[in-house]
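For reference, the chains in residue letters:
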Amino acid sequence: MMDRLVFWLEQLGGARPAPVNSRGRAVALGLWWLVLLLLTLAFAGRFTKFVYVDF
């Protein structure tokens, strides 16, 4: 059970190559990475203390 969980987490995280056998699986993988990118962009900068000053 734990090995299966580690395998899936490694695949989702990009540490292990995901076998893309069909077009649907390729689209699902692309959507997964798009969701991760959008989450990163949505929360980038919210928790930083950077102040931009333009002279």
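One structure accompanies this document, and this report is about it. Here the structure is a predicted model, which means the values were calculated and not measured. (Residues numbered from 1 in each chain as written. Predicted model: local features only at pLDDT ≥ 70, side-chain atom pairs only at ≥ 80, totals over all residues. Heavy atoms only, no water.)

Its boundaries defined by the atoms lining it, the largest pocket holds a volume of some 220 Å³. Among the elements of the structure, α1 (2-13) and α2 (23-43) are those that each provide at least two residues to the lining of the largest pocket. A class-by-class count of the residues in the lining of the largest pocket yields nine nonpolar, one polar and one charged. (1 Å grid on protein atoms, 1.4 Å probe; cavity = no way out; pocket = protein on both sides within 12 Å on 5 of 7 lines; lining within 4 Å. Points joined across faces, edges and corners; volume = space filled by probe spheres on them. Helix = DSSP H or I, 4+ residues; strand = E, 2+ residues; numbered from the N terminus. Nonpolar A, V, L, I, M, F, W, Y, C, P; charged D, E, K, R; others polar.)

Moving on to α1. Residues three or four positions apart in an α-helix share a direction because the helix packs 3.6 residues into each turn. An ideal rise of 1.5 Å per residue puts 16 Å on 12 residues; α1 measures up with 16 Å between its terminal C-alpha atoms. Positioned one or two residues after α1, G14 has a phi angle of 90°, which is positive. (Expected span 1.5 Å × (residues − 1).)

Within the secondary structure, Q11 is located in helix α1. Contact partners of Q11, with chain neighbours within four places excluded, come to R16, P17, A18 and P19. (Contact = heavy atoms within 4.5 Å.)

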